[in-house]
Every structure is written in structure tokens, then in C-alpha cells.
Amino acid sequence: MDFKIEKFKELLEELLDEELEFSIDESDVDQIKFYFENDSIDLLISTQDDTFKILEIKSKITGEGIGSKIYNLIEQFCTTQGYHQIIADKVFDSATDFWEKHGFERDNENYIKYL
């Protein structure tokens with residue numbers, strides 16, 4: 001499954017009403033990483049087959065629900081693009097409530113949601 005980078009970036013920018021910097025890390029051929037950032041957020045993701053993996057999601061502005069808005073956009077994007085699962089990679093204890101609130105289940109140090 002091809003990750004539609006430009007479409008995803010466009011949707012994020014529309015949601016945030018801000019432009020994003022974008023880069024690709026291809027140093028690990030088994031897991032190409034896509035990085036989106038600006039003054040408000042840092043988002044690091046990867047995709048493989050039907051899996052969308054969130055490696056990092058940070059909102060530099062807290063308490064305004066930006067993390068949830070970004071996650072909801074990711075889930076909607078994944079559903080329309082045919083992904084079958086979303087993995088939140090190596091979740092910190094302080095973030096477990098966030099992922100559980102969005103319907104994820106713990107799988108060792110990761111959280112997973114089947115779509």
C-alpha cells in the first residue's frame with residue numbers, strides 16, 4: 001500500500017491551519033519514517049502494508065485537544081486509505097490514558113487499534 005504523503009500533509013495543514021515542514025528518513029530500509037513538524041506539533045509516522053504506525057505525536061500546545069484532533073484525522077485517513085490497524089509505538093506511561101480514550105489496547109509497550 002502506498003502512503004499518500006502529499007494528501008496526508010494537506011489534511012494535517014488544513015486541520016491545523018498552519019504549514020508543516022516535512023522530511024523522510026530512509027536510514028532503516030525496513031521502516032521508512034515520515035516526519036511532520038512546525039511550531040505547534042511534531043509527528044513521526046511510518047507505514048507498512050496495512051499498518052499505520054505513530055512513532056511520536058507531540059503537541060507543543062497543551063490542553064487544547066490538538067493531539068486528539070491529529071489522532072482523529074489519522075484514523076479517518078487510515079480508514080479511507082484501507083489501513084487495518086494503527087499502532088502507537090512505545091507509549092510512555094503518562095500517555096496511556098490518551099490512547100485508551102481513543103480505543104487502543106495495550107500490546108506490550110505499544111498500543112494497537114484495529115480498524
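Conventions used here
- Residues numbered from 1 in each chain as written.
- Predicted model: local features only at pLDDT ≥ 70, side-chain atom pairs only at ≥ 80, totals over all residues.
- Heavy atoms only, no water.
- Phe/Tyr/Trp six-rings, centres within 6.5 Å; stacked < 30°, edge-to-face > 60°.
- Helix = DSSP H or I, 4+ residues; strand = E, 2+ residues; numbered from the N terminus.
- Buried < 20%, exposed > 50% of the residue type's maximum accessible area, 1.4 Å probe, protein only.
- Core = buried A, V, L, I, M, F, W, Y, C linked by side-chain atoms within 4.5 Å.
- Contact = heavy atoms within 4.5 Å.
- Expected span 1.5 Å × (residues − 1).
- Pairing = 2+ DSSP bridges.
- Axes fitted to C-alpha atoms, helices over the stretch in contact; angles between N-to-C directions.
- Polar contact = N/O pair within 3.5 Å; in protein donor to acceptor, adjacent residues only side chain to side chain.

1. So, the packing of aromatic side chains
The relation between two aromatic rings is expressed through the spacing of the ring centres and the mutual angle of the planes. For the structure on display, the rule yields 15 aromatic pairs. On the numbers, 5.1 Å between centres and 65° between planes, the contact of F8 with F77 is edge-to-face. Taken together, the positions of F8 in helix α1 (residues 5-16) and F77 in helix α2 (residues 66-81) put the pair 69 residues apart, joining distant regions of the chain. Residue F77 is classed as buried on the basis of its relative accessible area of 3%. Following the ring pairs from residue to residue traces out a cluster consisting of F3, F8, F22, F34, F36, F52, F77 and Y83.

2. Thoughts on unusual backbone geometry
The phi angle at D17 is positive, at roughly 55°, despite the residue not being glycine. Within the secondary structure, D17 sits in the loop between α1 and β1 (21-25). Taking the relative accessible area as the measure of exposure, D17 reaches 68% and is therefore exposed.

3. Re the nonpolar core
Ranked by size, the top nonpolar core spans 27 residues in total, and within it F3, F8, L43, F52 and I74 carry the most contacts. Secondary-structure elements contributing two or more residues to this core are α1, β2 (33-37), β3 (41-48), β4 (51-59), α2 and β5 (85-88). A per-element tally of this core places α2 first, with 7 residues. Dropping the residues within four chain positions of it, F52 is found in contact with F3, F8, I45, S46, T47, I74, F77, C78, Y83, Q85, I86 and I87.

4. Some details on α2
Spanning 16 residues, α2 covers 22 Å between terminal C-alpha atoms, matching the ideal 22 Å at 1.5 Å per step. For α2, the set of buried residues is I66, G67, S68, I70, Y71, L73, I74, F77 and C78. Residues of α2 that are buried sit in contact with α1, β3, β4, β5, α3 (96-101) and β7 (110-114). Two residues or fewer after α2 comes G82, characterised by a positive phi angle close to 90°.

5. Concerning the sheet that holds β4
Spatial strand order, β1-β2-β3-β4-β5-β7-β6: 7 strands in an open sheet with mixed pairing. Since the sheet does not close on itself, it has two edges, and those belong to β1 and β6 (105-107), each with one partner. On average, each strand axis in the sheet is inclined to that of its neighbour by 25°, with strand direction left out of account. Strand contacts of α2: β3, β4, β5 and β7, with the helix running at about 165° to β4, the strand carrying the most contacts.

6. A word on the side chain of S46
In this structure, S46 sits in strand β3. Note on S46: relative accessible area 4%, which makes it buried. Here Q31 takes part through its side chain, which lies 3.0 Å from a polar atom of the side chain of S46. If we ignore the near neighbours within four places in the chain, the residues touching S46 are Q31, I32, K33, F34, T51, F52, K53 and L55.

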